[in-house]
Amino acid sequence: MLIIIKEIMKLIFKNLRKARLSYTDDADHLNELLGTEHRNVLASNSERLERSSKRLEDGYRMATETEEIGQNVLNNLAQDREKINNARNRLNNVDSSLTQSSRLLNSMYRRVIQNKVLMFIIGVIIVLIIVLALYGMLK
């Protein structure tokens, strides 16, 4: 849509330049052919055309600036999307690492419990052996 507007603006400016050149070349000839009233109307119309052209140029400039700003915003959004995706990937990696660490810690905790139970059982067996040895000696 903006490209079409740009092309229309270029065509209008081109026609305006031709009209200005033609106006200056034919001004002397027109002064002879037309009366003062027609010259005033023609001058008024030329002034309106120049004002309209100025407004069109301003609009074109504003549309171009808006397009540049929009492009910058899109580039910033693309960069932000990339940053968010990278952060999401790092978060997933950290989550998987935490899951592995949690499993490892749970496994280590179970082994600690198993070792304590085994030590307790061995301790009870040693105490029973000592008690039985003392009982056997005293008898």
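Criteria and thresholds
Each chain carries its own residue numbering, running from 1 in the direction its sequence is written. This being a predicted model, a pLDDT of at least 70 is required before a residue's local features are given, and a value of 80 or more before pairs of side-chain atoms are given or counted; all residues contribute to the totals for chains, interfaces and linings. Derived side-chain values reflect all non-hydrogen atoms in the structure, with water molecules and hydrogen atoms excluded from consideration. Going along the chain from the N terminus, every DSSP run of H or I of four or more residues is numbered as a helix, and every run of E of two or more is numbered as a strand. Each residue is assigned to one of three classes by its accessible area relative to the maximum for its type, calculated with a 1.4 Å probe on protein chains only: buried under 20%, partly exposed between the two thresholds, exposed over 50%. Residue exposure ignores everything except the shown protein chains as possible cover, and the areas themselves are Shrake-Rupley values with a 1.4 Å probe. A pairing counts as a salt bridge when a side-chain nitrogen of Lys or Arg comes within 4 Å of a carboxyl oxygen of Asp or Glu. Nonpolar side chains (Val, Leu, Ile, Met, Phe, Trp, Tyr) are joined into patches within 5 Å and like charges within 9 Å, using only residues with over 30% relative accessible area and no salt bridge.

Asker: What should I look at first to understand the overall build of the protein in this one?
Answerer: The number of helices and strands found in the protein is two helices and zero strands. Across the 139 residues in the protein, those meeting the buried criterion constitute 4%. Accessible area of the protein: about 12,300 Å², with a carbon and sulfur share of 62%.

Asker: Help me out: how do you make sense of the pattern of salt bridges in this one?
Answerer: Counted according to the given criterion, the structure contains three salt bridges. Close ionic contact of D58 with R61 constitutes a salt bridge, the shortest N to O distance being 3.2 Å. Of this pair, D58 and R61 both sit in helix α2 (residues 36-138), three residues apart, which is roughly one turn of that helix. Residue D58 is classed as partly exposed on the basis of its relative accessible area of 24%. Of the residues examined, R61 reaches a relative accessible area of 44% and is grouped as partly exposed.

Asker: Mind showing me how you'd approach a nonpolar patch on the surface here?
Answerer: A cluster of nonpolar side chains, contributed by Y109, I113, V117, F120, I121, V124, I125, L128 and I129, occupies part of the molecular surface with about 870 Å² of accessible area. Within the secondary structure, I129 sits in helix α2. Judged by relative accessible area, which is 52%, I129 ranks as exposed.

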